[in-house]
Amino acid sequence: MGFLNNKWMRAAVPALLIHCSIGTVYCWSTFKEAIAEKIGMSAFAVGWAFSLAIFFLGMSAAFAGKMVEKDIKKSSLLSCICFTTGMLGTGLFIQFTTGIVALIGIFICYGCIMGIGLGVGYLTPVKTLMLWFSEQKGLATGISIMGFGLAKAIATPIMEAIQKTLGISAMFYILGAVYFVMMMLGHFLIRKPEGWVEPGEKGEKFRFTDMFKNKIFLGIWLMFFINIHCGLALITYEKQIVKVAFAAAAMTSIIPSVTAAFNALGRIGYSTISDKMKDRNTVYKIIFTSSIAITAAALIPFAISNGQKSVVYGAVVVLLLVIVNLGYGGGFSTLPALLSSRFGMEKISKIHGLSLSAWAVAGLTGNNMSAVILKHTGDKYDYILFATLALYAAALVICITMVRPKKNAE
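This write-up is about the structure you can find in this document. Each chain carries its own residue numbering, running from 1 in the written order of its sequence. In keeping with the predicted nature of the model, local features appear solely for residues at pLDDT of at least 70, side-chain atom pairs appear and are counted solely at 80 or more, and the whole-chain, interface and lining totals rest on all residues. To get the side-chain values, all heavy atoms of the structure are used, and hydrogens and water are removed first.

Some details on the packing of helix α10 (residues 238-245) against helix α13 (residues 311-343)
To obtain each axis, a line is fitted to C-alpha atoms, and for helices this fit is confined to the stretch in contact; angles are then taken between N-to-C directions over 0 to 180 degrees. Working definition: helices are DSSP H or I runs of at least four residues, strands are E runs of at least two. Numbering for both runs from the N terminus. The geometry of α10 relative to α13 is characterised by a closest axis approach of 9 Å and an angle of 160 degrees between their N-to-C directions. Between α10 and α13, the angle falls in the class roughly antiparallel. In this structure, α10 meets α13 at a crossing whose hand is right-handed. Two secondary-structure elements touch here, α10 through Glu238, Ile241, Val242, Val244 and Ala245 and α13 through Tyr313, Gly314, Val317, Leu321 and Asn325. Should an angle lie under 35 degrees it is considered roughly parallel, over 145 roughly antiparallel, and from 65 to 115 roughly perpendicular; all remaining angles are considered oblique. Crossings are classed by handedness, with left-handed meaning an anticlockwise turn of the near helix from the far one by less than a right angle and right-handed meaning a clockwise turn. Contacts were defined at the residue level, with two residues in contact if any of their heavy atoms lie within 4.5 Å.

Here it is as structure tokens:
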């Protein structure tokens, strides 16, 4: 079947099938309250399932690099099994248990098992894409990781419709089955270029601890962590921030869909632009500079509004969420190509996986920083902006001083 043996059918399509499935983890806010009500636990307690999913995503990716490099088929199959088993298990615990038993079951299924599927699946297509699209690494990873961001916009209305008609447990069963088919199709299609053989281990073994002693890698890890941390601090409270800015209740359902689209646009846009740049790190300078500018601008109406809603106030808040989502998505998609420009392609899956441990940590700190700030300031969102502004500024300094170009690495 010669029509299958090309970069689109062996890399781009399977990457989208996998990432459009696992990216639905970001639909969490769509059903979090429904789960809490069904099992009789608080929304705050249930919310830790999402934090655990992101933590296990990052940590499994950090340790899965060797397996992904060695056997792309094994990693794609493992991802499919773990992700869909986690979804189906979550549905079972919601339907048949309540209270602490249900909560622990959801933590294990949604947080741990599904989280492992997320991490392995996220990492699986990346190197294959960069091998097939060797001259357009940014575009390649942008296509895949755009699917991860676009999944929320696609799946949210579907999830809401299934919940209303069939219930929360049925939603997990139906989508678990659908994603199993999609991810298995991706598993059967994905393949590295004809004749490509992974080089054997040369010289010293790859050591995680040694990478954190490398100034460039540490700088990339830190700025990647800060971008995710700040993004989650704002994105997970989008609905509440929109409520502060707008009188119309309808805006709380419209704006998240708009920002999800910009999140996906940032993933394909920033990574594609990076292909045209002499230094891919320039993208991060743009991301942090724009985030600093809009966060500072948003602080003005937040500070002087005194709870009064206005068109200008709302417009600035929407612009803030749009730019933060653009940079959040763009930071993910540009990362693999930036790492390859600094460290080469030989061990890119291991290095990329290790860098995703920043995502694991940020998954525990981002939204919880906002929760702590709101609790101790009487729900004043401008304090979240002050915190993210300071962190974005620190990230820009790290970006300029630590992540310097390395010649002839591409």
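Points about helix α6 (residues 137-166)
Spanning 30 residues, α6 covers 42 Å between terminal C-alpha atoms, matching the ideal 44 Å at 1.5 Å per step. By definition, a residue's bend is the angle between the axes fitted to the seven residues ending there and the seven starting there. The largest bend in α6 comes to about 40 degrees, at leucine 150. Where α6 terminates, the next one or two residues include glycine 167, which has phi positive at roughly 105 degrees. Here the expected length of a helix is defined as 1.5 Å per residue gap, with one fewer gap than residues.

Structural notes on the environment of valine 126
As for its position among the elements, valine 126 is in helix α5 (residues 99-132). Three labels apply to residues, based on accessible area from a 1.4 Å probe with only protein chains included: buried if under 20% of the type maximum, exposed if over 50%, partly exposed otherwise in between. Classification of valine 126 by relative accessible area gives buried; the value is 3%. Sequence spacing of valine 126 and tyrosine 237 is 111 residues, and the spatial spacing of their C-alpha atoms is 30 Å. Leave out the neighbours within four places in its chain, and valine 126 touches Thr141, Pro336 and His352.

Some details on the environment of tyrosine 173
Turning to its location among the elements, tyrosine 173 is positioned in helix α7 (residues 168-189). Relative accessible area serves as the criterion here: at 24%, tyrosine 173 is assigned to the partly exposed category. C-alpha of tyrosine 173 to C-alpha of methionine 87: the two residues are 86 residues apart in sequence and 7.2 Å apart in space. Not counting the four nearest positions on each side in its chain, tyrosine 173 is found in contact with Leu88, Gly91, Leu92, Gln95 and Phe96.

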